[in-house]
Amino acid sequence: MSMPSYPDISRVLYTAQEIEDRVKELAHAISQDFSGQDVVLIGVLRGSFVFLADLCRQISIPVAIDFVACSSYGASSVSGGNLSITKDVSGVVQGRSLILVEDIVDTGLTLRELKLFMESKQPHSVHIISLLDKPSRRKMEVTVDYIGFTIPDEFVVGYGLDYDERFRHLPYIGVLKPEVYNK
Ligand code: IMP
């Protein structure tokens, strides 16, 4: 399949096919590890929507789907606790096995706070799956149970990830040219 070229992308990190193969592996691992459990996949809006849509369709055990949205205020702050939940889950999570589905873990602030927030709802367990991990940027210790790809410290877009709400629709993950966000 030919790859649509995009002038703002300097290079493709992972093709649609590579992502598909990895998502299948992750879905297989989750299907095995959570067999027999009452699972809720919780997508962190908005970046995870493509990943979640593909992941859930490859999972072979029953799962429920829910979403949360949050915004970090004081983004430059290094202290934790600066997350506001702008959309909570809609369904019951108490006593259930929750899997937070994220697009990318960067500083770790978002997931650390979200995990604490979910744990306060007395679920059976809270696990985390992220398509991408940028460990070099971590400020907060957070255990990511399933990782699709570990990437270098570059700004990536596509497959749900955006820059200024653009590029989410790209079927691949690409590195954004620095001149786009340095403008
Ligand atoms: P964290 O709290 O720093 O771990 O932030 C994670 C969030 O930052 C992700 O859910 C993304 O929305 C955003 N983010 C971090 N790095 C990138 C990137 O390279 N491309 C697009 N979004 C990113």
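These numbers come from a predicted model, not from an experiment.

*Asks:* I keep staring at the overall build of the protein chain and nothing clicks. Help me out?
*Replies:* What the protein chain contains, in helices and strands, is four helices and nine strands. A globule of 183 residues ought to have a C-alpha radius of gyration of about 16 Å, and the protein chain, at 16 Å, matches this closely. Seen through its C-alpha atoms, the protein chain measures out along the principal axes to roughly 50 × 40 × 25 Å. Here the protein chain holds 18 positive side-chain charges and 24 negative ones, and the gap between their average locations is 3 Å.

*Asks:* Sorry, what's going on with the packing of aromatic side chains here?
*Replies:* For any pair of aromatic rings, the description consists of the separation of the ring centres together with the inter-plane angle of the planes. Overall, the coordinates contain six aromatic pairs when judged by the stated rule. Both rings, one in F155 and one in Y163, keep their centres 6.0 Å apart while their planes meet at 85°; by these two values the pair is edge-to-face. Take F155: its relative accessible area is 32%, and that puts it in the partly exposed class. With a centroid separation of 6.2 Å and 55° between ring planes, the pair formed by Y163 and Y181 is classed as tilted. Here Y163, found in the loop between β8 (156-157) and β9 (173-176), pairs with Y181, found in helix α4 (residues 178-182); they are 18 residues apart in sequence, far enough to count as distant. For Y163, a relative accessible area of 23% translates into the label partly exposed. Chaining the aromatic ring pairs together yields one cluster made of F155, Y163 and Y181.

Criteria and cut-off values
- Residues numbered from 1 in each chain as written.
- Predicted model: local features only at pLDDT ≥ 70, side-chain atom pairs only at ≥ 80, totals over all residues.
- Heavy atoms only, no water.
- Helix = DSSP H or I, 4+ residues; strand = E, 2+ residues; numbered from the N terminus.
- Rg over C-alpha atoms; globule rule 2.2 N^0.38 Å.
- Lys, Arg positive; Asp, Glu negative; His and termini not counted.
- Charge placed at Lys NZ, Arg CZ, Asp CG, Glu CD.
- Phe/Tyr/Trp six-rings, centres within 6.5 Å; stacked < 30°, edge-to-face > 60°.
- Buried < 20%, exposed > 50% of the residue type's maximum accessible area, 1.4 Å probe, protein only.

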